[in-house]
Amino acid sequence: AKFARDFQTADNIQKELIDGGVFVHDGLREWRADGSFRGGPGSGDGGGRSGDSFKKQRKPLGPNGHDYQLSNDATPNNSRFSESDIHALLAERLQAKFARDFQTADNIQKELIDGGVFVHDGLREWRADGSFRGGPGSGDGGGRSGDSFKKQRKPLGPNGHDYQLSNDATPNNSRFSESDIHALLAERLQAKFARDF
């Protein structure tokens, strides 16, 4: 089954945030409301909408070209891919996402799933043991349960999301109060989590 998420709602909320002067970086799980995509005044980046939001802050991808880890509770690989093939596909998928080529990223995700490899973007984990979460004896029955990794989702915290105010953000000068920003971030995250089977 192909995953369907309510990205239209999430995109609409992101546009509302941007129009209000709030910038969100999903990869870094950060937000800022100081009118700059990265760095504050005097950071040398010129602020504004440069199109490469937070690019210089991207986390290192490691030796495999991606930052995903094998799930701690994964049992041995029984997918149709070798581990090196999995790493290559994960790296290719991540590069497609960086390029905002979501069709290619989705096609690679489908190829991985069809081959028995399951990826959880939020946890930055993958597994190739035929289970969305837990291995044999974990009590979850394995297989394609429709709630992939759901019980492993990271806590969202008191604001209903796991985004943090960027460390170098200057005071909020957006049209939203901080509580409104938290509410919109939580609503956007819930829209991204929404599944339609």
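For the structure given in this document, a descriptive report is provided here. (Residues numbered from 1 in each chain as written. Predicted model: local features only at pLDDT ≥ 70, side-chain atom pairs only at ≥ 80, totals over all residues. Heavy atoms only, no water.)

### Observations regarding the sheet that holds strand S3 (residues 69-70)
Strand pairing in a sheet relies on backbone hydrogen bonds. The paired strands run either parallel or antiparallel. Keep this limit in mind: Two strands pair if DSSP finds at least two bridges between them. Secondary structure elements are defined from DSSP: runs of H or I of at least 4 residues count as helices, runs of E of at least 2 residues count as strands, and each element is numbered from the N terminus. Should any heavy atoms of two residues lie within 4.5 Å, those residues are considered in contact. Fitted lines through C-alpha atoms give the axes, limited to the stretch in contact for helices. The angle between two N-to-C directions lies from 0 to 180 degrees.
One open sheet holds the three strands; their spatial order is S3-S5-S4, and the pairing between them is mixed. Of all strands in the sheet, those with a lone pairing partner are S3 and strand S4 (118-120), marking the two edges. Note: S4 against strand S5 (residues 125-127), three bridges, orientation antiparallel. Considered in S5, the bridge of Val 119 is made with Trp 126. Contacting S4 and S5, helix H2 (residues 83-98) runs over the sheet at an angle of about 140° to S5.

### Some remarks on the packing of aromatic side chains
Within a pair of aromatic rings, the relevant descriptors are the distance that separates the centres and the angle that separates the planes. Our working rule: Pairing of aromatic rings covers Phe, Tyr and the six-membered ring of Trp, with a centre-to-centre limit of 6.5 Å; geometry is then stacked below 30 degrees between planes, edge-to-face above 60, and tilted otherwise. Look at NZ for Lys and CZ for Arg. If either is within 6 Å of the ring centre and within 35 degrees of the ring normal, a charge sits over the ring.
All chains considered together, the criterion is met by zero aromatic pairs. Positioned above the aromatic ring of Tyr 68 is the side chain of Arg 124, whose terminal nitrogen or guanidinium carbon lies 4.2 Å from the ring centre.

### Thoughts on the pattern of salt bridges
Counted only if it meets this: Throughout this description, the term salt bridge denotes a Lys or Arg side-chain nitrogen within 4 Å of a carboxyl oxygen of Asp or Glu. The buried label applies to any residue whose accessible area, calculated with a 1.4 Å probe on protein chains only, is under 20% of its type's maximum; exposed applies above 50%, and partly exposed to all values in between.
Under the definition given, this model contains nine salt bridges. For Arg 32, the salt bridge is made with Asp 34, and the minimal N-O distance between the two is 2.9 Å. Of the two residues examined, Arg 32 and Asp 34, each falls in the buried class. Look at the salt bridges and you will find they share partners, linking Arg 32, Asp 34 and Asp 168 into a network.

### Re helix H3 (residues 102-114)
The condition that has to hold: Expected span of a helix, by definition, is 1.5 Å for each gap between consecutive residues, and there is one gap fewer than residues. The arc in question is formed by the directions pointing from the helix axis toward the C-beta atoms.
Helix length check: H3 (13 residues) gives 18 Å between terminal C-alpha atoms against 18 Å at 1.5 Å per residue, within 8%. The complete set of buried residues in H3 reads Ala 105, Ile 108, Gln 109, Leu 112 and Ile 113. In a view along the axis of H3, the buried residues occupy a sector of 140°, so they form one face of it. Where H3 is buried, its residues meet H2 and S4. Gly 116, located one to two residues past H3, shows a positive phi value of around 95°.

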